[in-house]
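As a plain string of letters, each chain reads:
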Amino acid sequence: MTIKEVSEKYNIPIEVLEEYEMWNLCKKTKKSDEEWEYNDDDLEIISIIMTLRNIGFNNDEIKKYMELQLAGDDTESVRLRLLKQKRNVLLDEIHSNEKCIEDIDYLRFKLTE
C-alpha cells in the first residue's frame, strides 16, 4: 500500500504518516516511482502507533515505546511500565471527572430542594 492508500483506508492524515516515516520505524521498501510501499508488518506497526496515540501518548512517548517494541522481548517490562503509567494517569482523570459529576449532582439537588 502507498502512503495515500494507508491514509485513506485507515483515516490517518498523510502528515502523521510522514512524521512516523522520519522515525524509521517501518521496514517499507521503495517502489520504482519513488513512493514508499507499506507491507503487512508496517501496517501492524502503524496500528500500534495509532493505538498509542489514541490512548494519549505524545509523539516522544510513542517514539520511545516503538523503539523499545522493535528492540525485542527484552524490553517488555519497560513497555509494560509505560502502559501502566499511562493507565494510572487516565484513571486519575476519570476519578477527577467522577468527583466533578458528584459536585454537579449535589448542586442540582440543592437547586431543586
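Residues numbered from 1 in each chain as written. Predicted model: local features only at pLDDT ≥ 70, side-chain atom pairs only at ≥ 80, totals over all residues. Heavy atoms only, no water.

## Some words on the pattern of salt bridges
Counted only if it meets this: Only one rule defines a salt bridge in this text: a Lys or Arg side-chain nitrogen within 4 Å of an Asp or Glu carboxyl oxygen. Strands are runs of DSSP state E lasting at least 2 residues, helices are runs of H or I lasting at least 4, and numbering of each runs from the N terminus. We call a residue buried when its accessible area falls under 20% of the maximum for its residue type, exposed when it is over 50%, and partly exposed in between, using a 1.4 Å probe and counting protein chains only.
Taken as a whole and judged by the stated rule, the model has four salt bridges. With its nearest N and O atoms 3.5 Å apart, the salt bridge here joins Glu 61 to Lys 86. Linking Glu 61 in helix H4 (residues 59–71) with Lys 86 in helix H5 (residues 76–112), this pair joins segments that are 25 residues apart in sequence. On the basis of relative accessible area, Lys 86 is assigned to the buried category, the value being 14%. Here Glu 113 and Lys 110 are joined by a salt bridge, their closest N and O atoms 3.4 Å apart.

## Observations concerning the environment of Asp 60
Its location among the elements puts Asp 60 in helix H4. Asp 60 gets classed as exposed once you look at its relative accessible area, which sits at 66%. As for Asp 60 and Leu 70, which are separated by ten residues in sequence, their C-alpha atoms are 15 Å apart.

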